[in-house]
Amino acid sequence: FIPENPICQNILKKFMDEESADVAFEVGSGSELGGNDHKRAKTSPTTFHAHRLILQDGAPTLAKLCKSGEGELLTVPITDVKPVPITDVRPDIFRHMLHYVYGGKVSDDELKANARDLIDAADKFGVV
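Residues numbered from 1 in each chain as written. Predicted model: local features only at pLDDT ≥ 70, side-chain atom pairs only at ≥ 80, totals over all residues. Heavy atoms only, no water.

Colleague: Which parts of the structure should I look at to understand the packing of aromatic side chains?
Modeller: Each aromatic ring pair is described using two quantities: the centre-to-centre distance and the angle formed by the ring planes. Throughout the structure, instances matching the rule amount to 4 aromatic pairs. Look at F25 and F94: their rings are 5.5 Å apart centre to centre, the planes differ by 55°, and that puts the pair in the tilted class. With F25 in strand β1 (residues 23–27) and F94 in helix α4 (residues 91–101), this residue pair connects regions lying 69 residues apart in the sequence. The same class applies to F25 and to F94, which are both buried. F94 gets classed as buried once you look at its relative accessible area, which sits at 0%. Taken together, the ring pairs in this structure connect F25, F48, F94 and F125 into an aromatic cluster. (Phe/Tyr/Trp six-rings, centres within 6.5 Å; stacked < 30°, edge-to-face > 60°. Helix = DSSP H or I, 4+ residues; strand = E, 2+ residues; numbered from the N terminus. Buried < 20%, exposed > 50% of the residue type's maximum accessible area, 1.4 Å probe, protein only.)

Colleague: So what exactly am I meant to see when it comes to the environment of A121 here?
Modeller: Structurally, A121 can be placed in helix α5 (residues 108–124). Along the primary structure A121 and F94 are separated by 27 residues, whereas in three dimensions their C-alpha atoms are 7.3 Å apart. Not counting residues within four places of it along the chain, the set of residues in contact with A121 comprises V89, I93 and M97. (Contact = heavy atoms within 4.5 Å.)

Colleague: Any chance you could explain the sheet that holds strand β4 (residues 46–50) here in plain terms?
Modeller: Hydrogen bonds along the backbone pair up the strands of a sheet, which may run parallel or antiparallel. Reading across the sheet, the 3 strands line up as β4-β1-β5 and stay open at both edges, with mixed pairing between neighbours. The open sheet has two edge strands with one neighbour each: β4 and β5 (84–86). Mean inter-strand twist for the sheet, computed between neighbouring axes without regard to direction, equals 30°. Bridge count between β1 and β5: 3 bridges; the pairing is parallel. Of the residues in β5, the one forming a bridge with E26 is P85. Each of β1, β4 and β5 is contacted by α4, which is oriented at about 10° to β4, the strand it contacts most. (Pairing = 2+ DSSP bridges. Axes fitted to C-alpha atoms, helices over the stretch in contact; angles between N-to-C directions.)

Colleague: Which parts of the structure should I look at to understand the pairing of β1?
Modeller: Within a regular strand, the side chains alternate between the two sheet faces. For β1, the tally of buried residues reaches 4 of 5 residues, placing the bulk of the element in the interior. Bridging between β1 and β4 involves 5 bridges; their strand directions are antiparallel. In the strand pairing of β4, E26 is matched with T47.

Colleague: Looking at this structure, how should I read the environment of H96?
Modeller: Within the element layout of this structure, H96 appears in helix α4. Between the C-alpha atoms of H96 and V106, which are 10 residues apart in sequence, the distance is 6.4 Å. Not counting the four nearest positions on each side in its chain, H96 is found in contact with V106, E110 and L118.

Here it is, written out as structure tokens:
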């Protein structure tokens, strides 16, 4: 008997874990684009917490947004980090994409309803 390696589940448990996160994204500030590029009303931004280590391999373009002006990775506590603004992706799409980066799955219904937006966001941030 060989036990199943728990690493995938352990990584997925870190999804949106504010306590251990070392980067934050503020998604959806200002007017948001709806599904077919129709503008929606202004909404308050949604904050997503993440981990650079996971982003570096799963979404390298997104990870690059977390670097300081000199190209160094930010190393201050998450409470002192200014969130990285993401204004051209809806919060629900960003959440699904980030969940996928952490090893989660996008449901068939979500994929059918938002395939174009999910693929565009994944391409934009280099999701592999």
